[in-house]
Amino acid sequence: MSFPKRVTIVEVGPRDGLQNESEIIPTPIKIEFIHQLAAAGLSVIEATSFVSKKWVPALADGSDVLPALNQHAGVRYPVLVPNETGLNAALAAGAKDIAVFTTPSETFSMKNTNCTVADSLARMKTVITQAKHAGCRVRAYISCVLGCPYEGDILPDSVAAMAYALMNDGCDEISLGDTIGVGTPGKTLALLETVMKKVHRDQLAVHFHDTYGQALVNIYVALQCGIATIDSAVAGLGGCPYAAGASGNVATEDVVYLLNGMGIETGVNLEKLIAAGRFIAKKLGHPPRSRVNAAFGDK
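Reading guide: rules and limits
Residues numbered from 1 in each chain as written. Predicted model: local features only at pLDDT ≥ 70, side-chain atom pairs only at ≥ 80, totals over all residues. Heavy atoms only, no water. 1 Å grid on protein atoms, 1.4 Å probe; cavity = no way out; pocket = protein on both sides within 12 Å on 5 of 7 lines; lining within 4 Å. Points joined across faces, edges and corners; volume = space filled by probe spheres on them. Helix = DSSP H or I, 4+ residues; strand = E, 2+ residues; numbered from the N terminus. Nonpolar A, V, L, I, M, F, W, Y, C, P; charged D, E, K, R; others polar. Buried < 20%, exposed > 50% of the residue type's maximum accessible area, 1.4 Å probe, protein only. Pairing = 2+ DSSP bridges. Right-handed = clockwise from strand over helix to strand, strands pointing away. Salt bridge = Lys/Arg side-chain N within 4 Å of Asp/Glu carboxyl O. Phe/Tyr/Trp six-rings, centres within 6.5 Å; stacked < 30°, edge-to-face > 60°. Lys NZ or Arg CZ within 6 Å of the ring centre and 35° of its normal.

A. Region of interest: the layout of surface pockets. Roughly 1,000 Å³ of internal volume is contained in the largest pocket. Q19, V51, V56, F101 and N112 are the residues nearest the centre of the largest pocket, which is lined by 43 residues in total. Secondary-structure elements contributing two or more residues to the lining of the largest pocket are α1 (13-17), α3 (62-68), α4 (84-92), α5 (106-113) and β6 (137-142). The element contributing the most residues to the lining of the largest pocket is α5, with five residues. Class assignment of the residues belonging to the lining of the largest pocket gives a composition of 19 nonpolar, 18 polar and six charged. In this structure, the second largest pocket encloses a volume near 270 Å³. Lining the second largest pocket we find 17 residues, and of these D210, L216, V250, D254 and R291 sit closest to its centre. Of all elements in the fold, only α9 (215-224), α10 (252-261) and α12 (291-296) reach the threshold of two or more residues within the lining of the second largest pocket. With three residues, α9 is the single largest residue contributor to the lining of the second largest pocket. Looking at the lining of the second largest pocket residue by residue, the classes come out as seven nonpolar, six polar and four charged.

B. Representation of the pairing of strand β7 (residues 173-178) in the model. Burial analysis of β7 places six of its six residues in the buried class, the great majority of the element. Taking every second residue as pointing to the same face, both faces of β7 are buried, with E173, S175 and G177 on one and I174, L176 and D178 on the other. Inspection of the sheet shows β6 paired to β7 by four bridges, in the parallel sense. Bridge pairing in β7 places A140 opposite I174. Assessed by its sense of winding, the connection that carries the chain from β6 through helix α7 (residues 156-168) to β7 is right-handed. Of the strand pairs in this sheet, β7 and strand β8 (residues 204-208) are connected by five bridges, and their pairing is parallel. Paired with I174 across the bridge in β8 is L204. Handedness of the crossover joining β7 and β8 through helix α8 (residues 185-195): right-handed.

C. Structural view of the pattern of salt bridges. Tallied over the full model, the rule gives eleven salt bridges. E46 serves as the salt-bridge partner of R15, at 3.0 Å between the closest nitrogen and oxygen. Residue R15 is located in helix α1, and its partner E46 is located in the loop between β2 (44-45) and β3 (48-49); the two are separated by 31 residues in the primary sequence. What makes R15 buried here is its relative accessible area of 5%. With a relative accessible area of 0%, E46 lands in the buried category. Notably, a salt bridge pairs K187 with D153, separated by 3.5 Å at the nearest N-O pair. Placement of the pair is K187 in helix α8 and D153 in the loop between β6 and α7, with a sequence separation of 34 residues. Using a relative accessible area of 60% as the deciding quantity, one classes D153 as exposed. What emerges from the salt-bridge pattern is a single network uniting R137, R139, E173 and D231.

D. Up close: empty space enclosed by the protein. Counted under the stated rule, the structure contains two cavities of 30 Å³ or more. Volume-wise, the largest cavity comes out at about 50 Å³. Lining the largest cavity we find F101, T102, T103, F108, S109, N112, T113, S120 and S143. If one sorts the elements of the lining of the largest cavity by residue count, α5 sits on top with four residues. For the second largest cavity, the calculated volume is near 40 Å³. Listing elements by their share of the lining of the second largest cavity, those giving two or more residues are β5 (97-102) and β6.

E. Structural context of the sheet that holds strand β4 (residues 79-80). Spatially, the nine strands line up as an open sheet ordered β2-β1-β9-β8-β7-β6-β5-β4-β3, and their pairing is parallel. Strands with a single pairing partner mark the edges of an open sheet, and in this sheet they are β2 and β3.

F. Expanded view of the packing of aromatic side chains. According to the stated counting rule, one finds two aromatic pairs in the structure shown. Here the aromatic rings of F108 and Y150 are separated by 6.4 Å at their centres, their planes lie at 40°, and the arrangement is tilted. Note that F108 is positioned in helix α5 and Y150 in the loop between β6 and α7, a separation of 42 residues in sequence. Looking at Y150, the relative accessible area reads 36%, which means it is partly exposed. Seen from the ring of Y150, K111 lies directly overhead, with NZ or CZ sitting 5.1 Å from the centre.

By themselves, these are just geometric observations and shouldn't be taken as functional.
If you want it as structure tokens, here you go:
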């Protein structure tokens, strides 16, 4: 297959990144951070979540962040919701894009959401139906697609079946998440070839963590398969509480540099992106976890 001519980057730093950082960022800083990301040319910015404040205290201010954004024309600001309560709170805050999440791993599902996979899918179906009725776009995250911290390898067929079910429930897009970053190019190819038998590549995204330094090569494989939507977090924000030494999401700066080098359009200004990464990293009290950001120096 040929590489896509243009790739949409889904910037997950403000949500998936910040929720796993030890430092809680004040609401005005989050808002400024999201504005900087939009100014850098990112067209999809996952702004926050409406998960229980008890479980995700770093994003307890979702109802304050989303309405306060100066939303750019042509930019989408999806938010993560776990259930009907979260959906209702998101809709009340003005959300137009919703993300839901589940996993084919029974153990991970019980530890992450305290329910079985079947119960999780039933819950997601209700949320998806209500979100679509409210006129929202819906994406679904499938976690642990290339490995689970409790169950080990995950069968590609089980991921494909779950992705197919979620699309039938009304999802617009499925993001395949390597939650603990254990994927390798061969496993990534096998997964994508299997899933694409059930779901068209135009409706798929990939979401790699860089725990073992494999994220960019796995993204390259996804590009070869024609996948044109990539999740990433500026400055490599976040971590993974399920894997020792996990470095978090692949850095958006590194992904953009790769795509620029391949002649694939993103619409993202790398210099402005680097500045946004340095802005939030300084607020978090650590350097950006992006090799491109570090190599860029003071240019």
